[in-house]
Amino acid sequence: MKTKELVYAALFAALITVLGLIPPLPLGFIPVPITAQTLGVMLTGCFLGKRMGALSLVVFIILIALGLPVLTGGRGGLAVLVGPSAGYIFSWPVAAGLIGWYSEKIWPKVQTWKLVVVNLIFGVLLVNLIGASIMAWITNTPVWAGLAGASAFLPGDIIKAVIAAVITMQLKAISPIEEKAQ
Ligand code: BTN
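This is a predicted model, so every value here is computed, not measured. (Residues numbered from 1 in each chain as written. Predicted model: local features only at pLDDT ≥ 70, side-chain atom pairs only at ≥ 80, totals over all residues. Heavy atoms only, no water.)

K.L.:
Would you mind going over the packing of aromatic side chains with me for this structure?
P.N.:
Where two aromatic rings form a pair, the distance of their centres and the angle of their planes describe that pair. A complete count under the given rule lists four aromatic pairs for this structure. Judged by centre distance (5.9 Å) and plane angle (85 degrees), the rings of Tyr 88 and Phe 153 are edge-to-face. Of this pair, Tyr 88 sits in helix H4 (residues 86–106) while Phe 153 sits in the loop between helix H6 (143–150) and helix H7 (154–170), and the two are 65 residues apart along the sequence. Centroid distance Trp 101 to Tyr 102: 6.3 Å. Interplanar angle 50 degrees. Geometry classified as tilted. The exposure class assigned to Trp 101 is partly exposed, which follows from its relative accessible area of 38%. (Phe/Tyr/Trp six-rings, centres within 6.5 Å; stacked < 30°, edge-to-face > 60°. Helix = DSSP H or I, 4+ residues; strand = E, 2+ residues; numbered from the N terminus. Buried < 20%, exposed > 50% of the residue type's maximum accessible area, 1.4 Å probe, protein only.)

K.L.:
Would you explain the packing of helix H5 (residues 112–138) against H6 in this entry?
P.N.:
H6 packs onto H5 with a crossing angle of 130 degrees between their chain directions and a minimal axis gap of 8 Å. In terms of orientation, H5 lies oblique with respect to H6. Crossing angle aside, the handedness with which H5 passes H6 is right-handed. Residue-level inspection shows Asn 128, Leu 129, Ala 132, Ser 133, Met 135 and Ala 136 of H5 in contact with H6, the latter providing Val 143, Gly 146, Leu 147 and Ala 150. Residues that form the contact of H5 with H6 fall into these classes: seven nonpolar, three polar and no charged. (Axes fitted to C-alpha atoms, helices over the stretch in contact; angles between N-to-C directions. Parallel < 35°, antiparallel > 145°, perpendicular 65-115°, else oblique. Left-handed = near helix turned anticlockwise from the far one by under 90°. Contact = heavy atoms within 4.5 Å. Nonpolar A, V, L, I, M, F, W, Y, C, P; charged D, E, K, R; others polar.)

K.L.:
Would you explain H5 in this entry?
P.N.:
Residues separated by three or four positions in an α-helix point in the same direction, a consequence of the helix having 3.6 residues per turn. Taking 1.5 Å per residue, 27 residues should reach 39 Å; H5 reaches 37 Å between its end C-alpha atoms and fits that length. Where H5 bends most, the angle comes to about 35 degrees, and this point is Asn 119. Just beyond H5, the residue with positive phi is Asn 140, at close to 60 degrees. (Expected span 1.5 Å × (residues − 1). Bend = angle between axes of the 7 residues up to and from the residue.)

K.L.:
Is there a simple way to think about the environment of Lys 180 in this case?
P.N.:
Note on placement: Lys 180 falls in helix H8 (residues 176–181). Measuring from C-alpha to C-alpha, the distance between Lys 180 and Trp 107 comes to 9.8 Å, with 73 residues separating the pair along the chain.

K.L.:
What is the right way to look at a nonpolar patch on the surface in this model?
P.N.:
On the surface, Ile 159, Ile 163, Ile 167, Leu 171 and Ile 174 cluster together into a nonpolar patch covering about 410 Å² of accessible area. With respect to the helices, strands and loops of the structure, Leu 171 is situated in the loop between H7 and H8. (Patch = residues over 30% accessible without salt bridge, like charges linked within 9 Å, V, L, I, M, F, W, Y side chains within 5 Å. Areas by Shrake-Rupley, 256 points an atom, 1.4 Å probe, with all protein chains shown as cover. Salt bridge = Lys/Arg side-chain N within 4 Å of Asp/Glu carboxyl O.)

K.L.:
Is there a simple way to think about the side chain of Glu 178 in this case?
P.N.:
Along the polypeptide, Glu 178 turns up in helix H8. Residue Glu 178 is classed as buried on the basis of its relative accessible area, which comes to 17%. Aside from chain neighbours lying at most four places away, what touches Glu 178 is Trp 107, Lys 172 and Ala 173.

K.L.:
Would you explain the packing of helix H1 (residues 3–19) against helix H3 (residues 50–65) in this entry?
P.N.:
To characterise two packed helices, one gives the angle between the axes of the helices and the distance between these axes. The interhelical angle for the contact between H1 and H3, taken along N-to-C directions, is 55 degrees, at an axis separation of 8 Å. Taken as axis vectors, H1 and H3 run oblique relative to one another. Handedness of the crossing formed by H1 with H3: right-handed. In this structure, H1 uses Glu 5, Leu 6, Tyr 8, Ala 9, Phe 12, Ala 13, Ile 16 and Thr 17 to contact H3, whose residues at the interface are Arg 51, Met 52, Leu 55, Ser 56, Leu 57, Val 59 and Phe 60. Residues of the contact of H1 with H3, tallied by class, amount to 11 nonpolar, two polar and two charged.

K.L.:
Explanation requested: the site of the ligand in the structure shown.
P.N.:
What surrounds the ligand is a group of 17 residues, the closest being Pro 33, Thr 35, Arg 75, Ser 85 and Lys 160. Taking Asp 157, its side chain carries an N or O atom lying 2.9 Å from a nitrogen atom of the ligand. The side chain of Lys 160 places a nitrogen or oxygen atom 2.9 Å from an oxygen atom of the ligand. For the ligand, the accessible surface in isolation is 410 Å², of which the surrounding protein chains cover 100%. Secondary-structure elements contributing two or more residues to the shell around the ligand are H4, H5 and H7. A per-element tally of the shell around the ligand places H4 first, with three residues. Its residues assigned to classes, the shell around the ligand shows nine nonpolar, five polar and three charged. (Near = heavy atom within 4 Å. Polar contact = N/O pair within 3.5 Å; in protein donor to acceptor, adjacent residues only side chain to side chain.)

What follows is the structure, given as structure tokens:
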């Protein structure tokens, strides 16, 4: 593991923490809030690639486990990692890694719409499938009810998927993937 990779991973874990300063939007009917931090997850995968992307989210989860207030509303601690949103949080490194894998694969010919599609598949669908299923299990609710509730996240998550792709294209020249591709 190169120092540079660790620095990038830490930098993006910090960025996701900063996005957590945007207040969460509670939905009332589901114990998981709307958060801007998913934008950070998708951006991390698109911009850093698979290895650094996944590592960044692992670092973020370690910060949560250590009790640092890195989640929206200043939350952190082991209790969150076994609470209703645990599945969502643990799906984040997987999503960032898979988004990063595809991002690296298409990099020389990367296009906004391709990043939007991969964000939708892994950053929106996969995250919500894993997150809602585990939320249903933890809260003793039928899985269909969990998935139905989580559908409320889709409009916001789709917008975040587009924003993450657009920002990545704007910052393409300074991405570590660009460096590797040359
Ligand atoms: C937490 O702060 O405890 C984790 C929140 C997880 C939120 C999930 S991620 C996917 C979906 N989109 C959102 O905006 N919120 C949920």
